[in-house]
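Architecture and fold: a report
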Amino acid sequence: MPDMSALSDRLRERGQKIAFVPTMGALHEGHLALLTAAREYADQVVVSIFVNPIQFAPGEDFERYPRDLNGDKKKLKPFEPLILFCPSAAAMFPGDFKTRIEVEEISQKLCGKFRLGHFKGVATVVAKLFNIVKPHFALFGEKDYQQLLVIKQLVRDLNLGIKIIACPTVREYDGLALSSRNRNLSAPERKAATVLYRALTRAKKEIEGGETDTRRILLSLGRLIGFEPTVRVEYIAIVDPETLREVKDIKGKVLVALAARLGKTRLIDNLLITP
Ligand code: AMP
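Residues numbered from 1 in each chain as written. Predicted model: local features only at pLDDT ≥ 70, side-chain atom pairs only at ≥ 80, totals over all residues. Heavy atoms only, no water.

Here we look at the overall build of the chain
When you go through the chain residue by residue, the secondary structure sums to ten helices and eight strands. On C-alpha atoms alone, the chain measures out to a radius of gyration of 19 Å, which is about the 19 Å that the 2.2 N^0.38 rule sets for 275 residues. Referenced to the eigenvectors of the C-alpha coordinate spread, the extents of the chain come out at roughly 55 × 40 × 40 Å. Looking at the chain residue by residue over its 275 residues, the buried ones come to 52%. Across the chain, the fraction of contacts at a sequence separation of at least 24, relative to all contacts at a separation of at least 6, is 71%. In the structure as shown, the chain presents an accessible area of about 13,600 Å², 51% of it carried by carbon and sulfur atoms. (Helix = DSSP H or I, 4+ residues; strand = E, 2+ residues; numbered from the N terminus. Rg over C-alpha atoms; globule rule 2.2 N^0.38 Å. Buried < 20%, exposed > 50% of the residue type's maximum accessible area, 1.4 Å probe, protein only. Contact = heavy atoms within 4.5 Å. Areas by Shrake-Rupley, 256 points an atom, 1.4 Å probe, with all protein chains shown as cover.)

Right, dumping it as structure tokens:
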């Protein structure tokens, strides 16, 4: 870790611009799209792989979270030269680590209601990674839309001076958002999971068709997902894309966001929709 920090100092002294892509590994095309975009912004791209223990609550899937460092290294080959940073949990969070960063309000909505302490763990690890890597730019996927808002707020509030770049969600041929957790789906679960994107596109069609009553849209999405009995919805919400507050009557751009469980796997997805 001192090495990464010192390397960043040297790069900065040489006037090089650093773009940073934090990940939890088990890399897929969504991560690689962030790396491709990162190259446009900077002379040096740093990618971190760290399965952050403090963003998982007890009983969540920290142990089951896919890990594949060798596979990841192969996927990163075409992006060389690239700085790969894989800190250990002991180096990041030694026994006497006591600090937590909380981004209020935005962290309490949507996933925050179901994953207690999750965004505190995210904000804390990202702030720590930012302090080590010292990037000029950091790239995040819209797939984790709420996380993106939390990080933007963190950077603003603490004057971190890093430009946050949002990248669109990369999807499978059938619309399923790429996620490391998709590896944990059984074949029938993988098939059923397509209903999530179908629900989002139905919302888009209804909103673009002039429907403004979110209660009616949510009922319609609930019915559609109901045809897949293995999919247990945690939440579906139509919210303001900036505040994540629920919208009743659609007048402008909205975010339709959802989380669902398929067996032991929890998936999230979202779509920004302009009426
Ligand atoms: P993760 O490894 O899942 O923590 O994700 C690391 C970064 O990749 C985050 O900024 C995610 O939002 C982003 N990401 C994950 N999946 C996708 C996807 N399907 N499309 C675009 N970005 C993604």
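Once you've had a look at it, read on.
What to know about the site of the ligand
Close to the ligand lie 17 residues; Met24, His31, Asp144, Val170 and Leu178 are nearest. Contacts to the ligand include Gly141, whose backbone N or O atom sits 2.9 Å from an oxygen atom. The contact in question runs from a nitrogen atom of the ligand to an N or O atom on the backbone of Leu178, over 2.9 Å. Out of a free accessible area of 480 Å², the ligand has 93% covered by protein chains. Within the residue set of the shell around the ligand, elements represented by two or more residues are β1 (18-23), α2 (29-41) and β4 (137-141). Partitioned by chemical class, the residues of the shell around the ligand number eight nonpolar, seven polar and two charged. (Near = heavy atom within 4 Å. Polar contact = N/O pair within 3.5 Å; in protein donor to acceptor, adjacent residues only side chain to side chain. Nonpolar A, V, L, I, M, F, W, Y, C, P; charged D, E, K, R; others polar.)

Overview of helix α6 (residues 118-133)
The end-to-end C-alpha separation of α6 is 22 Å, in line with the 22 Å expected for 16 residues at 1.5 Å each. Across the 16 residues that make up α6, a large majority, 13, are buried. Lys134 sits one or two positions beyond α6 and adopts a positive phi of about 50 degrees. (Expected span 1.5 Å × (residues − 1).)

Section: the sheet that holds strand β5 (residues 163-167)
Read across the open sheet, the five strands follow the order β3-β2-β1-β4-β5; overall the sheet is parallel. Only two strands of the sheet have a single neighbouring strand rather than two, namely β3 (83-85) and β5. For this sheet, the mean inter-axis angle between neighbouring strands, taken without regard to orientation, is 25 degrees. Bridge analysis of β4 against β5 gives five bridges, and the strand direction is parallel. Considered in β5, the bridge of Phe140 is made with Ala166. Each of β1, β2 (44-49), β4 and β5 touches α2; the most contacted strand, β4, lies at about 155 degrees to it. (Pairing = 2+ DSSP bridges. Axes fitted to C-alpha atoms, helices over the stretch in contact; angles between N-to-C directions.)

Details of the nonpolar core
Formed by 45 residues in total, the largest nonpolar core has its most connected members in Val46, Val126, Phe130, Phe140, Ile151, Ile164 and Leu244. Breaking this core down by element, the ones donating at least two residues are α1 (2-13), β1, β3, α6, β4, α7 (145-157), β6 (231-239) and β7 (254-262). Ranked by the residues each element gives to this core, the list is headed by α6, at ten residues. Discounting chain neighbours no more than four positions away, the residues touching Leu244 are Ile106, Lys109, Leu110, Tyr145, Gln146, Leu149, Val239 and Leu255. (Core = buried A, V, L, I, M, F, W, Y, C linked by side-chain atoms within 4.5 Å.)

A word on the domain arrangement of the chain
For the chain, the assigned domains read domain 1 (2-167) and domain 2 (180-273). Here domain 1 and domain 2 have C-alpha centroids that lie 26 Å from each other. Taken together, the contacts link 26 residues of domain 1 with 22 residues of domain 2. Both faces combined, the contact of domain 1 with domain 2 buries some 2,100 Å², and carbon together with sulfur accounts for 53% of it. (Domains from an automatic or database assignment. Buried area = accessible area lost by both parts, 1.4 Å probe.)

Points about the pairing of β2
In terms of residue burial, β2 counts as a mostly covered element, since six of its six residues are buried. Along β2, one buried face is formed by Gln44, Val46 and Ser48 and the opposite face, lined by Val45, Val47 and Ile49, is buried too. When β1 meets β2, the two strands line up parallel, connected through six bridges. What sits directly across from Thr23, in β2, is Ile49. As for the winding sense of the linkage, the β-α-β connection from β1 through α2 to β2 is right-handed. (Right-handed = clockwise from strand over helix to strand, strands pointing away.)

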